[in-house]
Amino acid sequence: MDFKKTNAPSTTVTRNLPDFSRDTNNLYESVAIISKRSNQIAAEMKDELSKKLVEFGAHSDTLEEVFENEEQIQISRYYERLPKPTLIATQEFLEDKVYFRNPSKEADRKL
């Protein structure tokens, strides 16, 4: 996922509650969906950051030797400036970019 292309705000924004229950008819179900998507995004971001930082890692046997690498610092700062995973997930949900389904509701429809 390209986190640069998201149009999620980097700060907290006041939202209208009816917007969240538009697709699910249940605010709490919407929050659960956003929460799960947020966890997915956070895991993706963590993996991507770890892969980039491993490239610059200087492995040493002693803990006293700490090397400060400017590239590592710049990469870390970039990821700190990105919108939080919760804000990205919320924006994706409101833009209908999140696929979700509720198996219990699907079972009720079949009966």
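The preceding data block contains the structure.
In this report, the structure presented in the accompanying data block is examined.

Reading the values: rules and limits
- Residues numbered from 1 in each chain as written.
- Predicted model: local features only at pLDDT ≥ 70, side-chain atom pairs only at ≥ 80, totals over all residues.
- Heavy atoms only, no water.
- Axes fitted to C-alpha atoms, helices over the stretch in contact; angles between N-to-C directions.
- Helix = DSSP H or I, 4+ residues; strand = E, 2+ residues; numbered from the N terminus.
- Parallel < 35°, antiparallel > 145°, perpendicular 65-115°, else oblique.
- Left-handed = near helix turned anticlockwise from the far one by under 90°.
- Contact = heavy atoms within 4.5 Å.
- Buried < 20%, exposed > 50% of the residue type's maximum accessible area, 1.4 Å probe, protein only.
- Salt bridge = Lys/Arg side-chain N within 4 Å of Asp/Glu carboxyl O.

Some thoughts on the packing of helix α2 (residues 27–54) against helix α4 (residues 85–94)
- Between α2 and α4, the shortest axis-to-axis distance is 8 Å and the interhelical angle comes to 125 degrees. Classed by the angle they form, the pair α2 and α4 counts as oblique. Remark: the crossing between α2 and α4 carries right-handed chirality. On α4, the residues that touch Ser 30, Ile 33, Ile 34, Arg 37, Ser 38, Ile 41, Ala 42 and Met 45 of α2 are Pro 85, Thr 86, Ile 88, Ala 89, Thr 90, Glu 92 and Phe 93.

Quick word on the side chain of Ser 30
- Examined against the element boundaries, Ser 30 turns out to sit in helix α2.
- When its relative accessible area of 0% is taken as the criterion, Ser 30 is described as buried.

What to know about the pattern of salt bridges
- What the rule picks out here adds up to six salt bridges.
- With a closest N to O distance of 3.8 Å, Lys 52 and Glu 48 form a salt bridge. Here Lys 52 pairs with Glu 48, and both are found in helix α2, just four residues apart, close to one helical turn.
- Through salt bridges with shared partners, a single ionic network connects Arg 22, Asp 23 and Asp 96.

Some thoughts on the environment of Phe 100
- Checked against the element boundaries, Phe 100 lands in the loop between α4 and α5 (103–110).
- We classify Phe 100 as partly exposed; its relative accessible area is 29%.
- Along the backbone, Phe 100 and Ile 33 are 67 residues apart, and their C-alpha atoms lie at a distance of 7.3 Å.
- Among all residues touching Phe 100, those that are not within four sequence positions of it are Asp 23, Thr 24, Ile 33 and Phe 93.

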